[in-house]
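Structural description and commentary
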Amino acid sequence: MPARKIAVCASLITAALIAQLTVLPRLRLPGSTPDVILLVVMGLAVAYGSTTGMVAGFSAGLATDLLPPADHAVGRLAFVLCVVGYLTGLLRDELRKSAPVSMGIVVGMTVVGMLLSAGLGALLGDLTLSLTALTRLILVAVCYQVLLSPFFIPAVLKLVQLTEPRDLLSEVAR
Amino acid sequence: MLRDTRRTRVVLGVLLLVSFLLITLDLRGGEKSPVSAARGAALAVFSPIERGASAIVRPVTGAIRSGWPGSRNELTELRRENAELRRELRTTENQRHRAQQLDALLRIINLGHYRTIPAQVIAFGNAQGFSWTVTIDAGAQDGIEPDMTVINGDGLIGRVTTVAPAAATVLLAIDPTSSVGARLAGSAELGIATGQGSQPIKLQLLNGQADVQPGDQLVTFGSDGQRPFVPGVPLGEVASVARTPGALTRSALITPYVNFTALDLVGVVVPPVRKDPRDALLPAKAPIQPEQRS
């Protein structure tokens, strides 16, 4: 992996982490907070493909697991975001085709991510959340993700394009 | 069109295996595992960043919430002056709000004879991670240790879990893994209050025949050795009581006194508390209207 790619991924993930942990909760949005980290991982997977997507997802997840104030088993979100990065990378061509399809993929990834996370949590005894609470959280998260992704994922793509225009062009042409 | 290669699958397999390994290490290792050390290190490294970001964001969100004047670029002298005055007013508003929080905290500290370490919430846990935790900007250097009680002027917030030199993680009372021993004010009925995330706290009373009514107030019972919870901290009010005939315990839903989405100033109680304050810290109960009774 070229150093520039690593730098882009690392800085985007760091920015997302700071936004997620300190900025967004203070806005006191109704229901929950939007999951910016998931969106950044999805954006990187679309830009670079599934291998980078899952490495980025794994690193972002591991960072979220370790960083304060996380308190669940370390590795849970790393697992989840790794899977999300991989799947998004696989579906990257579909994601670029049409708006409804990409919306569907975003919704699917959000639901898959949260169900995986909840499933792992339940399996490990970390999580004892009732089904209604879980459904509500997932619904709120899906709403935020659908609202944010049309701006967010293209923004990540644009940023990536700015940093390495030639590489991306060659990838698209391939 | 799906693009997948052997190499990608191998990398995926390795990464997922590593995640599982980490999870196992973390769950098996307990306090002394390498994962726990990594978590402490991450807390120490990241908390200054969180503190900085939080210091920048707090006044800005405060301003947004109280309404930023919309037409600042129409630069007539009067408008600028008006905006200036408004900003000043908001700053005072912000300070007044902080002073109110401090007053409330001081009241509880004085009434309960608690010794506390003041702290500021600098980061909130990710709701998508299904955990309700916050980071505070005080740590081992300030005398904070794991399993200390965290309160604010309204009541119980939670307990300290991980401690770094200058920051600590607090598990909120609404987290599904958090259980607090609770006592009904004015009686000796005991129960266990378990968090349910964004939904009300669930209380299970040990006595199935306990006389509990909506509006009844709850305080912490206090743990053995006052860790993780000191006695007498206000917890919340009973919102509704579930009637399940034949059940061994009686359960109720609790509305906590603390607004967990708007945490700012907190106090970490240093045990021991010399005397159980009993029900002295509870806020005055609103008189029940006669029409509500009938």
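Residues numbered from 1 in each chain as written. Chains lettered and ligands numbered in written order. Predicted model: local features only at pLDDT ≥ 70, side-chain atom pairs only at ≥ 80, totals over all residues.

Points about the overall build of chain B
A tally of helices and strands in chain B yields 4 helices and 12 strands. For chain B, the proportion of its 294 residues judged to be buried stands at 37%. Considering only residue pairs separated by 6 or more positions, chain B has 62% of its internal contacts joining residues 24 or more positions apart. (Helix = DSSP H or I, 4+ residues; strand = E, 2+ residues; numbered from the N terminus. Buried ≥ 20, exposed ≤ 12 C-beta atoms within 10 Å, placed from the backbone. Contact = placed C-beta atoms within 7 Å.)

Regarding the confidence of the model for chain B
All names here are of chain B. Per-residue pLDDT for chain B averages 82, and the proportion of residues at 70 or more is 87%. Confidence, expressed as mean pLDDT per element, reaches its minimum in chain B at helix 4 (residues 290-293) with 46 and its maximum at strand 3 (residues 149-152) with 93. In the model, residues 68-74 has pLDDT below 50 throughout and makes 5 contacts with residues more than four positions away in sequence or in other chains. Long-range and interchain partners of residues 290-294, a stretch whose pLDDT sits below 50, account for 1 contact in this model, where long-range means more than four residues apart. For this predicted complex, the interface confidence reaches an ipTM of 0.79, while the overall pTM sits at 0.69. (pLDDT = per-residue confidence, 0-100.)

Some details on the sheet that holds strand 9 (residues 217-220) of chain B
Residue and element names in this part refer to chain B. One closed barrel accounts for 6 strands, arranged 6-7-8-11-10-9; its pairing is antiparallel. Across the sheet, the mean angle separating the axes of adjacent strands is 45° when strand polarity is ignored. Two elements, strand 7 (residues 190-196) and strand 8 (residues 199-205), share 5 bridges in a ladder whose sense is antiparallel. Bridge assignment links G191 to a residue of strand 8, and that residue is L205. (Pairing = 2+ DSSP bridges. Axes fitted to C-alpha atoms, helices over the stretch in contact; angles between N-to-C directions.)

Let's talk about the sheet that holds strand 4 (residues 155-163) of chain B
Two orientations exist for strands paired in a sheet by backbone hydrogen bonds: parallel and antiparallel. Residue and element names in this part refer to chain B. With antiparallel pairing, 6 strands are arranged side by side around a closed barrel as 1-2-5-4-3-12. Ignoring strand direction, the axes of neighbouring strands in this sheet form an average angle of 45°. As paired strands, strand 4 and strand 5 (residues 168-172) are joined by 4 bridges and run antiparallel to one another. Looking across to strand 5, one finds that G158 is bridged to L172. Across the sheet, helix 3 (residues 77-112) touches strand 1 (115-124), strand 3 and strand 12 (265-270), and the angle it forms with strand 12 is around 20°.

Overview of the environment of I138 of chain A
Residues and elements named next belong to chain A. Structurally, I138 can be placed in helix 7 (residues 131-163). On the basis of neighbour counts, which here come to 18 C-beta atoms within 10 Å, the residue I138 falls in the partly exposed class. Considering only alpha carbons, one finds I138 and M114, 24 residues apart in sequence, at a separation of 6.8 Å. For I138, the residues in contact, after removing those within four places along its chain, are V111 and M114.

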